[in-house]
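Coordinate inspection notes
This is what each chain is made of:
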Amino acid sequence: MRTRLMLLLVGIAVSALVFSHGHAQTQPSQAAHRFQPIAPGVYSAIATGTLNVGSNSCVVVNQDDVLIVDSHISPESARVLIRELKSITDKPVRFLVNTHFHFDHANGNQVFTAPVDIIGHEFTRRKLLGDVLAKGTIFAESLAALPNQIEQLKQRAAAEQDAAAKARLDQQVRVQQAYADQVKEVKPTPPSVTLNDHMTLFRGDREIRLIHLGRAHTAGDVVVFLPKERVVCTGDMLVAGISNLSDGYVNEWPDTVEKLRALDFTDVIPGHGEPWKGKEKLDHWQAYLRDIWQQASKLHDQKVPAAEAAKRIDMTAHKNHYPTITAPGVAPIGVVRMYDVMERRAEQN
Ligand SMILES: [Zn+2]
Ligand SMILES: [Zn+2]
């Protein structure tokens, strides 16, 4: 179980690197982001691999100011984001939106001081005011897994024959070692402005809708929707691969995605991975969630323990849409969470 959890957390920590290393050569060597234009003034800030940023940020450049969605995995990565923003605009950052409370999206919050408003769901504020380092939280688990993760990267680098692949692994070792230091200065900082349902910002001719569509990846997911540009930033409700289930409501998630579908968007900037166009991935993700919930429910009814259920759940039917699925078995942390939801233990969170 420990190994599976670690693999999952390694996945979260380096996913930005994995997704983006192919583009690194098009950037100046030190830049930590490339700003991919999605619509006029709207960018997806994607990691190049020189810094652990944890997750994507969306950047919305308005008439007089800038709104950023998600603050990255450390104060340092947030500072670098703000610095590198200068390559696309000299307007000041005025708003930060947290799509949810997870460390890879909110650890940079403390860098966004007044006059920046940090906006998020009331649940996100409650979580960030609580003990995010308590045992069992996704952040605490990721920190506990970090030394081993770095060791594994070192071993893979040492064993790698291909020079380019070895160089990439060496870079990941350096990046994760730096992250282990960078994360020490994190002081969880909650949103200063909260919403429960929705909120709309009007900045010049830009309309920015912040919407809580329902429980999904967490109890407080907020999507950022630009109706004129038909762009949506989804946080981890929808990512390029398989989203983490550890704080999710897998039974409610497909319905929330259905509400997302009702928004009139063309472009999706996900919490992790490359942006894409269209709504097909919503179908794939709903199908995955319904299947894993159904399988987990059946095993729960049969009183199969979560760790054993995680081995038995077979998601290989979805491997065409999610190439990381190579064999039966899923991350135990997601099954533990689904069991908690089934037994109503998740309600306290
Ligand atoms: Zn998340
Ligand atoms: Zn994330």
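Coordinates for the structure precede this section.
All of these numbers come straight from a predicted model, not from anything done at the bench.

We now examine the coordination of the zinc ion (ligand 1). Protein coordination of the zinc ion (ligand 1) is provided by His-100 (NE2), His-102 (ND1), His-217 (NE2) and Asp-236 (OD), with donor distances spanning 2.1 to 2.3 Å. The site at the zinc ion (ligand 1) holds 4 donor atoms, and with the angles between them running 88 to 166°, its shape is irregular. Spacing between the donor residues of the zinc ion (ligand 1) along their common chain follows H-x1-H-x114-H-x18-D. The zinc ion (ligand 2) is placed at 3.4 Å from the zinc ion (ligand 1), the two being bridged by Asp-236. Taken as a pair, His-217 in the loop between β9 (206–211) and β10 (223–226) and Asp-236 in the loop between β11 (231–235) and α7 (253–261) lie far apart in primary sequence, 19 residues in all. Grouping residues by exposure puts His-217 and Asp-236 together as buried.

Where helix α8 (residues 280–301) contacts helix α10 (residues 332–342), the two axes come as close as 10 Å, and the packing angle between them is 70°. Viewed along their axes, α8 and α10 adopt a mutual orientation that is roughly perpendicular. As for how α8 packs across α10, the hand of that crossing is right-handed. Facing α8, whose interface residues are Ile-292, Trp-293, Ala-296, Ser-297, Leu-299 and His-300, α10 presents Met-338, Tyr-339, Val-341 and Met-342.

All right, on to the coordination of the zinc ion (ligand 2) then. With distances of 2.1 to 2.2 Å, the protein atoms coordinating the zinc ion (ligand 2) are Asp-104 (OD), His-105 (NE2), Asp-236 (OD) and His-272 (NE2). Around the zinc ion (ligand 2) sit 4 donor atoms; with metal-centred angles ranging over 90 to 154°, the donor geometry is irregular. We note that the donor set of the zinc ion (ligand 2) lies within a single chain, spaced as D-H-x130-D-x35-H. In this structure Asp-104 comes out as buried when scored by relative accessible area, which is 2%. Under the relative-accessibility criterion, His-105 is labelled buried at 0%.

A word on the sheet that holds β11. Taking strand neighbours across the sheet as the criterion, the 6 strands line up as β8-β9-β10-β11-β12-β13 in an open arrangement whose pairing is mixed. If you trace the sheet from one side to the other, it starts and ends with β8 (198–203) and β13 (276–277), each paired once. Pairing analysis gives 4 bridges linking β11 to strand β12 (residues 267–270), with the strands arranged parallel. Along β12, the bridge assignment pairs Cys-233 with Ile-269.

Criteria and thresholds
- Residues numbered from 1 in each chain as written.
- Chains lettered and ligands numbered in written order.
- Predicted model: local features only at pLDDT ≥ 70, side-chain atom pairs only at ≥ 80, totals over all residues.
- Heavy atoms only, no water.
- Donors = N, O, S within 2.8 Å, 3.2 Å for Na, K, Ca; no water.
- Tetrahedral: all angles 85-135°; square planar, octahedral: opposite > 155°, others 65-115°.
- Helix = DSSP H or I, 4+ residues; strand = E, 2+ residues; numbered from the N terminus.
- Buried < 20%, exposed > 50% of the residue type's maximum accessible area, 1.4 Å probe, protein only.
- Axes fitted to C-alpha atoms, helices over the stretch in contact; angles between N-to-C directions.
- Parallel < 35°, antiparallel > 145°, perpendicular 65-115°, else oblique.
- Left-handed = near helix turned anticlockwise from the far one by under 90°.
- Contact = heavy atoms within 4.5 Å.
- Pairing = 2+ DSSP bridges.

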